[in-house]
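# Secondary and tertiary structure notes
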Amino acid sequence: MIAEAWTIDSLREGSNWLAHPARVMTICAIGLVAGLWWYRVWTRPRWAALLLGGLLAVVTLAGLDPVLRDKVCRPDNLAILLLVLLLCFFVWRGLRQAAVNDDRAERGEPPFEAGADDKVLTWPHLVFLELVALVACSAFLVIWSLLVRAPLEPPADLETVLNPAKAPWYFVGLQELLVYFDPWLAGVVLPVVMVVGLSALPYLDRNPRGSGYYTLRERPLAVSVFLAAFILLWMLPILVGTFLRGPNWTLYGPFEPWDPHTESPAELVNLSAMVWGERSEMEAGFGAEAALWRPVVRELPGIVLLGFYFLVMPWVLSRTAWRGLRERMGSVRYLVFSVLLMGMGLVPAKMLLRWLLDVRYIVALTEWSLNI
Amino acid sequence: MLTAAGVGWTALTLGGTVGVLGVPRLLAPNVTAEPEVLVDIGELAGYAQVSLGTVDERFKRQGFWVVRLPEGLVALSTSCTHLGCLLNWDDRDGRFKCPCHGSGFDLAGVNREGPAPRPLERLRVTVEDGRVIVDGRRRFRGERGEWGHSESMVRLEPSAES
Ligand code: FES
């Protein structure tokens, strides 16, 4: 009995330790790379069933713990569990179709979807179906939220705020990004870049392959960049924000109760303060009369770093690993593509700087409310 | 008239109209955190007795805390300099903590943890006839070097017991 209790406790502690976003992100990134590499193996129905069984077993076992169960079974969090299962299902389904098609392509057969003669007109067929789906989903959501008594938070009050104050689930990922970025960046610039970037895709990527059928072999870069962004930078932050953030937006392991009194998290410093030493300048700040260039000079290390990241790196890549890509895309497309991709990479890069070096901002032109 | 499609479309139209009409109400905030303009927070003599590091939470509803620092008395804004969430004073850690993205500010209002890029704003404090008046219209921002301004703090002797 004692041995068993010890094992369970160490399992809990191990999971709490593993649940730090840095480790979760690393594990998921490795999992994603492995999943894309061996996509023809694990997506076979037998393997996939085994994986699904494993996932359900882990979820059920973890659900035996009262602390975790309490977090997951909150009415507004239950849906997130559903989201995880759906995400796994659709990633499997997409990659499975891709595996089938890629096998067929190797045998010289046309893709699975090519033979299907089920084309119909968007209007009225698709649009009408969408309307029906919309009404059905709304009805389902209303009934579900009544059944689980979906919480309406109390009215806003100037003295007491909910702690933690969580956004609705679809914005929790954005809220989690805000932990690492300045509001105008995480709240305005990054979302705009996301929307613009997604809308620009058809113009950037004019490769006709993979249009109308699933494939990974013909579109490795496109598929993996999309999956990485969607899973690691959008879904994972939602999970972290929902299940691992407690009072004061502090990190808690899945099996740790949300006790509001925990130690303060690590103290952060700006990159400039790390380079020049001391944060005295930050505290004192330059007066309004100070010359404009003074903050810029102070932030030079970060500005140089970002310049290297956004300009020099894509240039170097275009001469080396991505030479073929640049030639195929042309200079202008390549430039837009690389700036978008680097912007996306800024998110995990900034997270890494925070986790490893306790960096608050790379460039902190605080005097002008401009922080990156 | 009373076909399924008729009922469905009518319900959809009605629901849609109500929804659209509800949008302006949704967009209007329930509470605005505008600090009141002039607040008389009491006798200066009373505050001189207060021990160092005391945070007076009585004026949170008006949008500020009164904090006794070694050098004097300051009125710190209660809104986080990251995205403006309302902070909580945590006396165990001695930090003003943000429930939104985890920023933490020390007693002087300096941003220590989390994403907040700049220190808490200090409201203007003046003394009139021995009473301390806080003025929410004028705010002093540390990162702009404004904390040296004479009205950003009521200077007090560091005499009170520590
Ligand atoms: S609003 Fe306070 S940390 Fe973001």
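As the structure is a computational prediction, the values presented were derived from the model and not from experiment.

Basis of the calculations
- Sequence order sets the numbering: in each chain, residues are counted from 1 along the sequence as written.
- Just so you know, chain letters begin at A and ligand numbers begin at 1, following the order they were written in.
- Under the rules for a predicted model, residues below a pLDDT of 70 receive no local features and side-chain atom pairs below 80 are neither given nor counted, while totals for whole chains, interfaces and linings still include all residues.
- Side-chain measures here rest on the full set of heavy atoms in the structure, leaving out hydrogens and waters.
- Where each domain begins and ends is defined by an automated method or by a domain database.
- When checking whether two residues touch, look at their non-hydrogen atoms; a contact exists if any pair is within 4.5 Å.
- Reported buried area values correspond to the accessible surface (1.4 Å probe) lost by two parts on association, with both partners' losses combined.
- A side-chain nitrogen of Lys or Arg and a carboxyl oxygen of Asp or Glu constitute a salt bridge if their distance falls within 4 Å.
- In protein, a polar contact requires one atom able to donate a hydrogen and another able to accept it; more generally it is a pair of N or O atoms within 3.5 Å, and residues adjacent in sequence count only if both atoms are side-chain atoms.
- Only runs of H or I of at least four residues qualify as helices and only runs of E of at least two qualify as strands under DSSP, and these elements are numbered from the N terminus.
- Buried, partly exposed and exposed residues are distinguished by accessible area as a fraction of the type maximum, computed with a 1.4 Å probe on protein chains only: under 20%, between the cut-offs, and over 50%, respectively.
- One bridge is not enough; two strands pair if DSSP finds at least two bridges between them.
- Residues are grouped as follows: nonpolar covers Ala, Val, Leu, Ile, Met, Phe, Trp, Tyr, Cys and Pro; charged covers Asp, Glu, Lys and Arg; every other residue, Gly included, is treated as polar.

Residues and elements named next belong to chain A. When the domains of chain A are assigned, the result is domain 1 (1-111 + 124-150 + 165-262) and domain 2 (266-372). Just the C-alpha atoms count here: the centres of domain 1 and domain 2 sit 29 Å apart. Listed by partner, the interface residues are 21 residues for domain 1 and 22 residues for domain 2. Of the roughly 2000 Å² buried where domain 1 meets domain 2, counting both sides, 76% is carbon and sulfur surface. Sorting the residues of domain 1 by area buried against domain 2 places Tyr180, Phe181 and Leu204 first, and these three jointly supply 32% of that buried surface. Viewed at the interface, domain 2 and domain 1 are joined by zero salt bridges. Put simply, domain 1 and domain 2 have six residue pairs in polar contact (both at pLDDT 80 or more) between them. At the level of elements, α2 (21-37), α9 (183-204) and α10 (220-244) are the ones that each hand at least two residues to the side of domain 1 that touches domain 2. With seven residues, the top contributor of residues to the side of domain 1 that touches domain 2 is α9.

Turning our attention to unusual backbone geometry. The omega torsion of the bond from A:Trp123 to A:Pro124 falls at 5 degrees, within 30 degrees of zero and hence cis. Among the secondary structure elements, A:Pro124 is positioned in helix α7 (residues 122-147). A cis amide bond, omega 0 degrees, links A:Asn163 with the succeeding residue A:Pro164. Although it is not a glycine, A:Asp358 adopts a positive phi angle of roughly 55 degrees. With respect to the helices, strands and loops of the structure, A:Asp358 is situated in the loop between α16 (331-357) and β1 (364-365). For A:Asp358, a relative accessible area of 28% translates into the label partly exposed. Positive phi, normally seen in glycine, also occurs at B:Asp129, with a value near 50 degrees. Counting through the fold element by element, B:Asp129 comes out in the loop between β9 (122-128) and β10 (131-140). B:Asp129 sits in the exposed class, given a relative accessible area of 81%.

This brings us to the domain arrangement of chain B. Under the domain assignment used here, chain B contains domain 1 (1-30) and domain 2 (38-148). Taken over C-alpha atoms, the centre of domain 1 of chain B sits 46 Å from the centre of domain 2 of chain B.

Moving on, we come to the pairing of strand β4 (residues 72-77) of chain B. Residues and elements named next belong to chain B. Of all six residues making up β4, six are buried, and the element is well covered by its neighbours. In this sheet, β4 lies alongside strand β3 (residues 64-68) in antiparallel orientation, the contact comprising five bridges. Paired with valine 66 across the bridge in β4 is alanine 75. Connecting β3 to the next strand, β4, in antiparallel fashion are three residues. Note: β4 against strand β11 (residues 154-155), two bridges, orientation antiparallel. Looking at the pairing, leucine 73 lines up with valine 154 of β11. Two strands pair when backbone bridges link them, and β4 and β9 are joined in this way by two bridges, in the antiparallel orientation. From the neighbouring strand, alanine 75 faces β9, where its bridge partner is leucine 123.

The subject of this paragraph is the interface of chain B and chain A. Chain B puts 37 residues into the contact, and the matching count from chain A is 42 residues. Across the chain B/chain A interface, buried area totals approximately 3400 Å², and carbon plus sulfur atoms make up 53% of it. Run the count over chain B and chain A and you get 11 residue pairs in polar contact (both at pLDDT 80 or more). Only α1 (4-27), β5 (88-90), β6 (95-97) and β8 (111-113) of chain B provide two or more residues apiece to the side of chain B that touches chain A. The leading source of residues in the side of chain B that touches chain A is β8(B), at three residues. For the side of chain B that touches chain A, the class distribution of residues is 14 nonpolar, 10 polar and 13 charged.

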